[in-house]
Amino acid sequence: MAKKINASAKIPTSVVTGAAGFLGSHLTDMLLARGHKVIGMDNFVTGAVANIAHLGGNKNFRFVEQDVTEFIFLDAPVNYVWHFASPASPVDYLELPIQTLKVGSLGTHKALGLAKEKGARFLLASTSEIYGDPLVHPQPEEYWGNVNTIGPRGCYDEAKRFAEALTMAYHREHGVATRIVRIFNTYGPRMRLNDGRVVPAFITQALKNQPVTVFGKGQQTRSFCYVSDLIEGIYRLMMSDCRQPVNIGNPTELTMLEFAREIIRATGSRSKVVFKPLPQDDPKQRRPVIARAKKELGWAPRVPLAEGLKSTIAYFRTKV
Ligand code: UDP
């Protein structure tokens, strides 16, 4: 059995894998603001030094350059392990299918092993991708999904499905206190300009007055959650008693064509929409059911799209 979590620690210590990534770096900032010591890990495959550069000199932050698919050795006590390391954009995991599979499987194994050794609580950053191209809409946590194992997205979807299974196995067999968050589309400052996801793609194109590339006919839907809402939900989940997977996302759903028009409007751009081929296995619809998050965590998103886009666009203006 895992050692009991040391909840009485005056200053809790958190390990964040993928700390230099979009979500990992926002999570790190929040944990530091809430009085944690943070040990951040990243191998910079998709993360960026710029996302954590502002933490240089912070005595509560320590950075370890580490590929988390390798054995993780830490000499410090640890109370919480937040496993966020993974390529997460379809373009990235198409280019890095083996690394994506390895970090979701071997990386999750090592991060769980660390939590077990330290008696720490463990949270897995899972994803709405485990639902695949969903046949149930909107998606509740009870839905088992519709994934093409051998398609181009299979490396990410199956790695995260395996990661969920491994997390539950460590919970059942070793008694590790585990949490699983299923993250739906999230946006905000620190997304990589060229990561290929729709938010950086559309905003960058619009700011440059270039054509905005809508894939397919743009009738596929997504629901976008602002990063501060997402991180708050994840923090609450870790601190809760909820052992079931929890969807965290914003249920406001829109088509990609509507989204392109919204970005053009919000940036005051002269861009026109152009249509490009729809990538294989692109989910046709996606919207979270967040009843569990509401009930168990008292959480619901608060930042409306227009407001979240304002700060995201302001960030991208400094980068484009
Ligand atoms: N998309 C698009 N144009 C782009 C990039 C993406 O129309 O330049 C679409 C994509 O086909 C998908 C949606 O936007 O339907 C969201 O794509 P993203 O890569 O952000 O992530 P996903 O939600 O598919 O994981």
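You'll find the structure just up there.
Predicted model, so just to flag it, every value in this text is computed and none were measured.

(A) Main features of the packing of aromatic side chains. Under the counting rule described, the total for this entry stands at 11 aromatic pairs. Geometry around tyrosine 235 places arginine 34 over its ring, the cationic atom sitting 4.6 Å from the centre.

(B) Focus on the pattern of salt bridges. Taken as a whole and judged by the stated rule, the model has 16 salt bridges. We note a salt bridge from arginine 153 to glutamate 129, for which the minimum N-O separation is 2.5 Å. Here arginine 153 is found in the loop between strand 5 (121–127) and helix 4 (154–174), whereas its partner glutamate 129 is found in the loop between strand 5 and helix 4, with 24 residues between them in sequence. One salt bridge in this structure joins arginine 161 and glutamate 158, with 3.9 Å as the shortest N-O distance. With a gap of three residues between them, arginine 161 and glutamate 158 both fall in helix 4, about one helical turn apart. Here arginine 161 falls in the partly exposed class, since its relative accessible area comes to 28%.

(C) Representation of the nonpolar core. Membership of the largest hydrophobic core comes to 59 residues, with the highest contact counts inside it found for Trp82, Phe84 and Phe259. Here this core gets seven residues from one element, more than from any other, and that element is helix 6 (residues 227–239). With residues near it in sequence (within four places) discarded, phenylalanine 84 still touches Thr17, Gly18, Leu23, Gly24, Leu27, Leu123, Ala125, Ile183 and Ile234. In this structure, Val15, Val64, Val78 and Ala163 belong to the second largest nonpolar core, which totals 25 residues.

Cut-offs applied
- Residues numbered from 1 in each chain as written.
- Predicted model: local features only at pLDDT ≥ 70, side-chain atom pairs only at ≥ 80, totals over all residues.
- Heavy atoms only, no water.
- Phe/Tyr/Trp six-rings, centres within 6.5 Å; stacked < 30°, edge-to-face > 60°.
- Lys NZ or Arg CZ within 6 Å of the ring centre and 35° of its normal.
- Salt bridge = Lys/Arg side-chain N within 4 Å of Asp/Glu carboxyl O.
- Helix = DSSP H or I, 4+ residues; strand = E, 2+ residues; numbered from the N terminus.
- Buried < 20%, exposed > 50% of the residue type's maximum accessible area, 1.4 Å probe, protein only.
- Core = buried A, V, L, I, M, F, W, Y, C linked by side-chain atoms within 4.5 Å.
- Contact = heavy atoms within 4.5 Å.

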